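Structure at a glance
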Amino acid sequence: MVATRNWAFTGTYTPRVWLFDTTDPASPVFMSHIQPSDAGSTDDFGDAIDIDGSRAIVGAPGNDGAASFSGAAYLFDTTTGAELGKIIASDGESVDQFGWAVDMEGHLAIIGARWEDESASNGGAAYLYDISDPASPVELAKLFAVEGDQNDYFGYSVSIAGNLVAVGAMFDDDLGLDAGAVYIYDITDPANPTLATKLLASDGEPTDDFGWSVALEGATLLVGART
């Protein structure tokens, strides 16, 4: 079954992300709000965020950029708060939730779409972009599990560091229902990512949700399993 979403909303909606100067971590100084130019009341702007240098990326998985609730991600200048660009999947479809997870390093950004249907219904996908020119991001590659199953949620979490990308698929069933998995890609050639391995927990069990969260730093990978 394809996931759907319904909202009931009343009141004033102001989507925003707070930006702070933490030069003195004991006394962070509020700088400004980061706000999108066109986000609406059901966009979930700010569900996923990351910062690298003077740029920030903010996911809005409920945005209607390509279709109803297809999702989007926005790029901002953290020194001015200015919106630099908006990223929409080239093949975005209704309820993909592109922007559910985001990460970036240097001129590359990785964006997860947990309900994308390339491999199977809600199998999930992740997209790699060149953001050298944030006003015109270039889609380099689309990642998805070739053997993915329905509701794997590939792209629920993403991380990028150096020549590696990690993508969590928290409902993968290789070790039992919803045990979870993490896919690791070599992006030495970012236009042609190569799957290095599919990582399973050595003690994985059903409903572990391994891959709920991922973080790469250098050669070190951190993986969360929420249950």
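Structure's up top.
As for unusual backbone geometry
At glutamine 97, a position not held by glycine, the phi torsion is positive, near 60°. Looking at the secondary structure, you find glutamine 97 in the loop between strand 6 (83–87) and strand 7 (98–105). Judged by relative accessible area, glutamine 97 falls into the buried class, the value being 0%. The residue aspartate 209 is not glycine, and still its phi comes out positive at about 60°. Positionally, aspartate 209 belongs in the loop between strand 14 (194–199) and strand 15 (210–217).

A closer look at the pattern of salt bridges
One pass over the full model with this rule turns up 8 salt bridges. With its nearest N and O atoms 2.9 Å apart, the salt bridge here joins lysine 142 to glutamate 118. With lysine 142 in strand 10 (residues 138–143) and glutamate 118 in the loop between strand 8 (108–113) and strand 9 (125–130), this residue pair connects regions lying 24 residues apart in the sequence. With a relative accessible area of 42%, glutamate 118 lands in the partly exposed category. In this structure, glutamate 147 and lysine 198 form a salt bridge, with 3.2 Å as the shortest nitrogen-oxygen distance. Of the two residues, glutamate 147 is situated in the loop between strand 10 and strand 11 (154–161) and lysine 198 in strand 14; the sequence distance between them amounts to 51 residues. What makes glutamate 147 partly exposed here is its relative accessible area of 42%. Counted as one network, the salt bridges with shared partners bring together Asp91, Glu116, Glu118 and Lys142.

Quick notes on the sheet that holds strand 11
Here 4 strands make up an open sheet; going across it, the order is 11-12-13-14 and the pairing antiparallel. Both edges of this open sheet fall to strand 11 and strand 14, since each of them pairs with a single strand only. Between one strand axis and the next, the sheet turns through 20° on average, direction left out of account. Two strands pair when backbone bridges link them, and strand 13 (residues 181–186) and strand 14 are joined in this way by 5 bridges, in the antiparallel orientation. Each bridged residue has a counterpart across the sheet, and for tyrosine 185 the counterpart in strand 14 is leucine 195.

Observations concerning the packing of aromatic side chains
Summed over the entire model, instances satisfying the criterion amount to 12 aromatic pairs. A ring pair is formed by tryptophan 100 and tyrosine 156, whose centres lie 5.4 Å apart and whose planes are at 50°; its orientation type is tilted. On the criterion of sequence distance, the pair formed by tryptophan 100 in strand 7 and tyrosine 156 in strand 11 is long-range, its members being 56 residues apart. One exposure class covers both tryptophan 100 and tyrosine 156, and it is buried.

Considerations on the side chain of aspartate 172
Note that aspartate 172 resides in the loop between strand 12 (164–169) and strand 13. From its side chain, aspartate 172 meets the backbone nitrogen of aspartate 174 in a polar contact 2.9 Å long. A distance of 2.8 Å separates a polar atom in the side chain of aspartate 172 from a polar atom in the side chain of lysine 198. Dropping the residues within four chain positions of it, aspartate 172 is found in contact with Asp152, Asp178, Ala179, Gly180, Ala181, Tyr183, Lys198 and Leu200.

Structural notes on the pairing of strand 12
Moving residue by residue along a regular strand, the side chains alternate between the two faces of the sheet. Here strand 12 lies mainly inside the structure; 5 of its 6 residues are buried. With 6 bridges joining them, strand 11 and strand 12 adopt antiparallel strand pairing. Following the sheet pairing, serine 159 is matched in strand 12 by alanine 166. With antiparallel pairing between neighbouring strands as the criterion, strand 11 and strand 12 make up a hairpin whose turn holds 2 residues, including glycine 162 at a positive phi of roughly 60°. Summarising the sheet, strand 12 and strand 13 pair through 6 bridges and their orientation is antiparallel.

Quick word on the side chain of aspartate 152
Assignment of secondary structure puts aspartate 152 in the loop between strand 10 and strand 11. Look at aspartate 152: it is buried, it has no salt bridge, and the nearest opposite charge is lysine 198 at 6.0 Å. Setting aside its immediate chain neighbours within four residues, aspartate 152 contacts Asn122, Gly123, Ala169, Met170, Phe171, Asp172 and Asp173.

Calculation notes
- Residues numbered from 1 in each chain as written.
- Predicted model: local features only at pLDDT ≥ 70, side-chain atom pairs only at ≥ 80, totals over all residues.
- Heavy atoms only, no water.
- Helix = DSSP H or I, 4+ residues; strand = E, 2+ residues; numbered from the N terminus.
- Buried < 20%, exposed > 50% of the residue type's maximum accessible area, 1.4 Å probe, protein only.
- Salt bridge = Lys/Arg side-chain N within 4 Å of Asp/Glu carboxyl O.
- Pairing = 2+ DSSP bridges.
- Axes fitted to C-alpha atoms, helices over the stretch in contact; angles between N-to-C directions.
- Phe/Tyr/Trp six-rings, centres within 6.5 Å; stacked < 30°, edge-to-face > 60°.
- Polar contact = N/O pair within 3.5 Å; in protein donor to acceptor, adjacent residues only side chain to side chain.
- Contact = heavy atoms within 4.5 Å.
- Lys, Arg positive; Asp, Glu negative; His and termini not counted.

Read these as layout, nothing more, since geometry by itself doesn't imply function.
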